[in-house]
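# Close look at the chain arrangement
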Amino acid sequence: MTQARRAVVIGGGIGGLTAAAALYRRGWQVTVLERALSLEPVGAAISLAPNSLRALDVIGLGDEIRDLAAWAGDGGLRTPSGRWLARSSADAAAERFGGPLVLLHRATLVEHLAAQLPPGAVRTAAAATLADSGGTDRPARVTTADGELEADLVVGADGIRSAVRGALFPGHPGPVYSGFTTWRVVIPLPGVGFASHETWGRGRIWGTHPLKDGRVYAYAAAVTGAGGRAPDDEKAELLRRFGDWHHPVPAVLAAARPEDVLRHDVHHIAEPLPAYHHGRVALVGDAAHAMPPTLGQGGNQAIEDAVVLAHHCDDLPAYTAARLPRTTAVARQAVRVARLNLMTSRVGIGVRDTAMAALSKAGPALFLRGFDGIADWRPPGGTARSSEAESGGSRMLRADPGRQPLEENTP
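Residues numbered from 1 in each chain as written. Predicted model: local features only at pLDDT ≥ 70, side-chain atom pairs only at ≥ 80, totals over all residues. Heavy atoms only, no water.

## Overview of the overall build of the protein
Across its full length, the protein carries 14 helices and 18 strands. Burial status across the protein gives 58% buried among its 411 residues. Sequence-distant contacts in the protein: of pairs separated by 6 or more residues, those separated by 24 or more amount to 77%. For the protein, the exposed area adds up to about 15,900 Å²; of that, 52% sits on carbon and sulfur atoms. (Helix = DSSP H or I, 4+ residues; strand = E, 2+ residues; numbered from the N terminus. Buried < 20%, exposed > 50% of the residue type's maximum accessible area, 1.4 Å probe, protein only. Contact = heavy atoms within 4.5 Å. Areas by Shrake-Rupley, 256 points an atom, 1.4 Å probe, with all protein chains shown as cover.)

## Some details on unusual backbone geometry
His247 connects to Pro248 through a cis peptide bond whose omega is 10 degrees. By secondary structure assignment, the location of Pro248 is in the loop between helix H7 (234-242) and helix H8 (249-255). Phi at Ala125 is positive, roughly 50 degrees, even though this residue is not glycine.

## A few points about the pairing of strand E3 (residues 45-48)
Residues Ala45 and Ser47 line one face of E3 and the alternating positions Ile46 and Leu48 line the opposite face, and both faces are buried. Two elements, E3 and strand E6 (residues 102-105), share four bridges in a ladder whose sense is antiparallel. In the sheet register, Ile46 faces E6, and the bridge partner there is Leu104. (Pairing = 2+ DSSP bridges.)

## Overview of the packing of helix H10 (residues 298-311) against helix H11 (residues 316-341)
Contact geometry of H10 with H11 gives a least axis separation of 10 Å together with a crossing angle of 165 degrees. In terms of orientation, H10 and H11 fall into the roughly antiparallel class. For the crossing formed where H10 meets H11, the hand is right-handed. Only Leu316, Tyr319, Ala322, Arg323, Arg326, Thr327 and Val330 of H11 make contact with H10, whose side of the interface consists of Gln301, Glu304, Asp305, Val308 and Leu309. In the contact of H10 with H11, the residues fall into six nonpolar, two polar and four charged. (Axes fitted to C-alpha atoms, helices over the stretch in contact; angles between N-to-C directions. Parallel < 35°, antiparallel > 145°, perpendicular 65-115°, else oblique. Left-handed = near helix turned anticlockwise from the far one by under 90°. Nonpolar A, V, L, I, M, F, W, Y, C, P; charged D, E, K, R; others polar.)

## Focus: helix H2 (residues 50-58)
For H2, the tally of buried residues reaches eight of nine residues, placing the bulk of the element in the interior. Burial in H2 covers these residues: Pro50, Asn51, Ser52, Leu53, Arg54, Ala55, Leu56 and Asp57. The positive-phi residue at the C-terminal boundary of H2 is Gly60, with phi of around 75 degrees.

## As for the pattern of salt bridges
A side chain of one charge can pair with a side chain of the opposite charge if their charged atoms are brought near each other. Scanning the entire structure with this criterion turns up 19 salt bridges. Where Asp137 meets Arg138, a salt bridge forms, and the shortest distance between an N and an O atom there is 3.4 Å. The class of Arg138 is partly exposed, set by a relative accessible area of 34%. The closest approach of N and O atoms between Glu304 and Arg323, which form a salt bridge, is 2.8 Å. In this pair, Glu304 sits in helix H10 while Arg323 sits in helix H11, placing the two residues 19 residues apart along the sequence. Among the residues examined, Glu304 registers a relative accessible area of 0% and is labelled buried. Overall, the relative accessible area of 1% leaves Arg323 in the buried class. Salt bridges sharing partners connect three or more residues here, namely Asp132, Asp137, Arg138, Arg141 and Glu148. (Salt bridge = Lys/Arg side-chain N within 4 Å of Asp/Glu carboxyl O.)

## Let's talk about the confidence of the model for the protein
When pLDDT is averaged along the protein, the result is 90; 88% of the residues meet or exceed 70. The low-confidence segment residues 386-402 (pLDDT under 50) makes 64 contacts with residues lying over four places distant or belonging to another chain. (pLDDT = per-residue confidence, 0-100.)

## Description of the environment of Ala334
Along the chain, the position of Ala334 falls in helix H11. Leave out the neighbours within four places in its chain, and Ala334 touches Met291, Pro292, Thr294 and Leu295.

## Observations regarding the sheet that holds strand E10 (residues 147-151)
Reading across from one edge, E8-E9-E10 is the order of the three strands in this open sheet, with antiparallel pairing throughout. On the outer flanks of this sheet lie strand E8 (128-132) and E10, each paired with one strand and no other. Sheet twist, expressed as the average angle between the axes of neighbouring strands with direction ignored, equals 30 degrees.

## Observations concerning the packing of aromatic side chains
In this structure the tally under the stated criterion is four aromatic pairs. Ring centres 5.5 Å apart and planes at 45 degrees place the aromatic pair Tyr217 and Tyr219 in the tilted group. Of the two residues, Tyr217 and Tyr219, neither departs from the other in class, the shared state being buried. Arranged with centres 4.9 Å apart and planes meeting at 75 degrees, the rings of Phe242 and Trp245 form a pair that is edge-to-face. Take Phe242 and Trp245: they sit in the same class, and that class is buried. Through successive ring pairs, a cluster of aromatic residues spans Trp183, Trp206, Phe242 and Trp245. Residue placement shows Arg87 over the ring face of Trp84; its charged tip is 3.9 Å from the ring centre. (Phe/Tyr/Trp six-rings, centres within 6.5 Å; stacked < 30°, edge-to-face > 60°. Lys NZ or Arg CZ within 6 Å of the ring centre and 35° of its normal.)

## Things to note about the packing of helix H1 (residues 14-25) against H10
Geometry of a packed helix pair, given as the angle between the helix axes and the separation of the axes. At a minimum axis distance of 8 Å, the contact between H1 and H10 shows a crossing angle of 25 degrees. With respect to each other, H1 and H10 are oriented roughly parallel. As H1 packs across H10, the resulting crossing turns out to be right-handed. For the pair formed by H1 and H10, the contact residues are Ile14, Gly15, Thr18, Ala19, Ala22 and Leu23 on the first element and Ala302, Ile303, Ala306, Val307 and Ala310 on the second. Taken together, the residues that form the contact of H1 with H10 break down as nine nonpolar, two polar and no charged.

If you want it as structure tokens, here you go:
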């Protein structure tokens, strides 16, 4: 009997768990090493677009996640006074890209991904170091507190400050500050009605969206120096910056406790890596291509990476060839969108808002063009899909498909 090949995944986040599940389905023995005490992620929500949902179809999870779609009405883009700049329909997005947009808590997605793995595959409180990247004549080696592991493939999924990336490419400059910080809140908000929205102000963004479990996900961003913190608490900081914005922003802030508010500076990898692999090691997610969260694609691209890596597990140069150009283009677009969203010039903001309003009136297809080539991506090899899932069916998410909710990007 042929012994199963062994993969060691360093990092138990979304990209790492998806890679482990995809490799496991291809017959690999997988071990996930997560340094945290549990898999429960520190963070809030994640927005999954049709591209990553198709990738999740590869591991049999796509429809299960589509069932978590929550929104039941249209959404759009607003100004701080509440004026609508753009209205949009998820029907138009699903028709253009072949599927819905799903917003769910990161912990929920992690739970579903971990359930795809066999018992004992995930080890928590298990810090790991890449000792040898391996080669055609030798396995890769990973050092842990319990000893050394050999692997036919090591997946570096250890995030934006990736030690695996540093070991593979020690001359690379790593992540840089993106120029803004973010806040996130997930709270119950009973009895408060609102249309799902994102609001653009002067160097500031706010978004409010419902989750399937009845809670509300709210996020904010603001141009500010790196390393800043509120002199009192972050809820007070949000009140100072957003307390006079339109409904339901004051209601969200009134319901939030200081301890509910998470704040993280945003960093991204400005200089692309020369490759996403070396020896028997491959990088996925933020370890490879951390990007600003303004397209909501960081987690989506990590999921794409994972299934493409499993597809090319015998040819890592093909993995780099498939992923590096795409993720570099998406990351650069996210940087451009951040400059637009967080503009500080009053004249520029006036021109931007007028253009967005005109674009919306011209038709939703024009508003969605920014996601052409992103949300319509399909995994290599094809996937089995039901006709209902492909068309959106009853799972349709009627939010603002031209603007995914700001996602998490933490150092």
